[in-house]
Every structure is written in structure tokens, then in C-alpha cells.
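If you want the building blocks of each chain, they are given just below.
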Amino acid sequence: MKRKITATVFPILLFCVVSFAQNPNSWTHFRGSNMDGHAQVTKAPLHWSDSTNVVWKVPVKGTGWSSPVVFGNQIWLTSATEDGKEFYTFCFDLNSGKLLDEKTIFSCVEPQRIHSTNSYATPTPCIEDDFVYVHYGTFGTACINTNNFDVVWKREDLKCDHMQGPASSPIIYKDKLIVHLEGTEDPYVVALDKFTGETIWKSVRPKEVYDKLEPVYRKSYQTPIVVNVNGRDLLISNSSFMCFAHDINTGEVIWTIEYGYDSTVSQPLFWNGLVFVNSGWIFLDNKPYFTRQYAVDPTGKGNVTETHIKWMYEDEVPQIPTPVIIDGKMYMVHDRGMVTCLDAMTGEVIWKEKLRGNFNSSPVYAGGNIYFINVKGFCSIVKPGDTFQKIAENDIDETVKAVPVFIQDKLLLRTEKNLYLIE
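Residues numbered from 1 in each chain as written. Predicted model: local features only at pLDDT ≥ 70, side-chain atom pairs only at ≥ 80, totals over all residues. Heavy atoms only, no water.

Notes on the overall build of the chain
Here comes step 1: A tally of regular secondary structure across the chain gives one helix and 35 strands.
Here comes step 2: Scaling as 2.2 N^0.38, a compact globule of 423 residues should have a C-alpha radius of gyration of about 22 Å, and the chain matches this with 20 Å.
Here comes step 3: Overall, the chain is about 55 × 50 × 40 Å in size when its C-alpha atoms are taken along their principal axes.
Here comes step 4: For the chain, the proportion of its 423 residues judged to be buried stands at 62%.
Here comes step 5: Counting contacts in the chain only where the partners sit at least 6 residues apart, residues at least 24 apart contribute 54% of the total. (Helix = DSSP H or I, 4+ residues; strand = E, 2+ residues; numbered from the N terminus. Rg over C-alpha atoms; globule rule 2.2 N^0.38 Å. Buried < 20%, exposed > 50% of the residue type's maximum accessible area, 1.4 Å probe, protein only. Contact = heavy atoms within 4.5 Å.)

Notes on the sheet that holds strand S33 (residues 405-407)
Note: strands within a sheet are paired through backbone hydrogen bonds, in either parallel or antiparallel orientation.
Here comes step 1: Taken in spatial order, the four strands of this open sheet run S3-S35-S34-S33, and their pairing is antiparallel. Of all strands in the sheet, those with a lone pairing partner are strand S3 (54-59) and S33, marking the two edges. Averaged over all pairs of adjacent strands, the angle between strand axes in this sheet comes to 15°, irrespective of strand direction.
Here comes step 2: Of the strand pairs in this sheet, S33 and strand S34 (residues 410-414) are connected by three bridges, and their pairing is antiparallel. Along S34, the bridge assignment pairs Val405 with Leu412. (Pairing = 2+ DSSP bridges. Axes fitted to C-alpha atoms, helices over the stretch in contact; angles between N-to-C directions.)

Let's talk about the pattern of salt bridges
Here comes step 1: According to the stated counting rule, one finds 16 salt bridges in the structure shown.
Here comes step 2: Its salt-bridge partner being Asp157, residue Arg155 comes within 2.7 Å of it at the nearest N-O pair.
Here comes step 3: Arg155 sits in the buried class, given a relative accessible area of 14%.
Here comes step 4: On the basis of relative accessibility, which here comes to 49%, the residue Asp157 falls in the partly exposed class.
Here comes step 5: Notably, a salt bridge pairs Asp186 with Lys207, separated by 3.0 Å at the nearest N-O pair. Highlighted residues: Asp186 in the loop between strand S13 (176-181) and strand S14 (188-193) and Lys207 in helix H1 (residues 207-210), separated in sequence by 21 residues.
Here comes step 6: With relative accessibility at 43%, the residue Lys207 sits in the partly exposed group.
Here comes step 7: The network of salt bridges with shared partners includes Asp186, Lys207 and Asp211. (Salt bridge = Lys/Arg side-chain N within 4 Å of Asp/Glu carboxyl O.)

This is how it looks when you write it as C-alpha cells:
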């Protein structure tokens, strides 16, 4: 079912997504250096298995669903014990897979419980020249010098009752590290000084709205993006119940839309002057849980739910995987495997096709194709376009929830127990 919402048309003066890194040999954040699911490679592997076209394979201690990040010849990864009592960082050499550094960065005597499908190390780190930033939600946030592996700073006082464990990944913006801690009480987003770890600003979700919600409906697990609208950089944060656009320099809330309920995971997107946000779970009219995708004109102020939503789509929209937009088309894979191709400007369906398996990992566009990897490690490679065209299929035969990383025309894949470099 799809329902269109009409909106007033506003003049658009200037939009752009804020770029975080342009080095094609780096992968600095969740879903890539620009967090749009686009790999900066001209070629990408089409055929592999757990033993074919593997440059190297190394075991990774502990459990974690975080994705790798890469800068120069360093790969950084986080993990944790299954019981959440120890939290790890790892640095591997990109060319050889050699372990360069390992730390137990945090520990916890009585960790919060997590959802059975989550891990204690689900947030993806972010990295830049000289520093990597790791985040484990309420269990700790830290900065590590990538030259000498010294810990620069730690924060263990940013508390949150996640209820189902941490999942929001941090992002770097100029001198700031942006971190979301949105749990069952007073959910908030905080900007830290990336050099010292000190708090620059903190924005708590409005109590007049969130105190009325049951605690279970206040939690969210999203990772934000930054877009420039008419010369102002906005942090787009699709929290539970509402999406917030903050002035990223001050934390001021510029606009909001309301969609209801909780557990937003899928990351926002930006394309051609529109912001695309995912609602998280919706519970209405005794329907099974479902999710909505919204296209929003980001030029408004205040509550713009009735004025600035361009379209809304709710038929097999993913709750966990983030869509990818290529040449004006949005490709999204539902958690249960249905792929939908939409016109990003209108929300009209172009095609739908069922893929094998269930999905947590977000699709990535690399070397002219889209890579969809299901939770059992089976990958369907699809060519973007007006019709469904499957190019290849591959099976690593291990659990995969991390986003695949494409670097130097190779594929870096984190599975439940291993890290692979595939060519």
C-alpha cells in the first residue's frame, strides 16, 4: 500500500550533502565516506566464496555487528564479549591482514541486556587522518591515535538505557564527534569536541512529547547525516516518533516531522534537494509491524509534518537496512528480502523483486552494481536500472550483518567470526 501526501512547494535555493572525505582509498564512516552507500571504486569483485578469490582471511575475537572503517593501510574494527563485559578495538593491515593493535578499551561488570539479534559492538567506528573514534553506546566512547595507538580520550559518563543494546554509529563533523544515545529515558544527541571528548552541546528530545510515550517507544538506533540547506549545515536525525533537523553547530532544532512510534534504525538519505527518512516500526489498525519511508523538503522551520513531506511509501519498507539512491532511483531491501526500486522524486514504484533470505546489512553501490548481502552471507549482485537484472550470486556461508566495504577495487567483508579481503 502506498499513500501520497501532497505538500506546498517551496523555492529551493541551495542544497548539498556534506562530504566527509574524498580519498578513494578510505572508507571513513558507516556506509562509506559520504554515508550514502556509494563506493569510490571503478571495479568490484563479482565472484567469491570462503576460499575463492580471498586475498586473506583473519579471525576476529568476540562478537560485533559493526562495519570496518579504513584509512590508508589501516582497517579498524570493534568487537565485544558476548556477555558485554569487555569491549575491544582492532587495527589490521589492509595489505596483509596482520593484526597491528588490539585493545580492551572498556569493561563493564553488570552490562545492560541486549536484543538477541544485536551485539554489544554494533556501532561502526569513524576515522580520519591520525585518529579513530569508537563508540559502544552507554558503555563508552573513545578516541585513539592511529599513529602510536595511544588512547587520546575516553567518555564513560554518556549514559543511556538502550533496552535492546547500542546500535547508533558516531559521525565526524569538522571539530565535532556526533553521538546519539536515545534510550527509554530522556533520549538525546550530543556533540563532543573530537580533540578532547568534552561536550560542546547536548540536545534532549522534548519532554512534553517524549514523557507521554511509553519508555519502549522512546528508543532509537539511527545514524544521522549532515546536509547543507541554504548555507546552514543541518544534522538530520530520525529519532523515535519524530525526525529532527538540528543546526549542527549549536544543537538548535530547526524543523521536525512526526511519524510515530519507535526503533528507527535505517539511516537518512539525501538526494536532489530532498531528505529521506525512515519512521521505524509503526503499529496501526492491528497490522503487523511495518515501516514508512518519507521524502522531506528540508527548507522548513518548526513542525513541518503537514507542509514539507513530498511523499510517503509504506509497502515493504525496511526497518534495518538503509536504501541506496542511484541516478534518481531508490533501491531498498526489506528485512525479509523484497527489493523495491522507487523513483526518488515521486515515490512511484518502478519494480519489485524478491531476493533470497533475510537482511540486516545495507546495500552498497560499487563498480556499477548493487551488492545485497543477506544474514547468512549470500550476496545477490544487481545492476541498477528500470528493470531487475541479477549479475551474479556468491555465498560466504557465514553470518553477515555488517555493511560490505569496497576499497582499492577489493571487497572487505566482516562476518560473525572473520574478516575477509576479497578480489
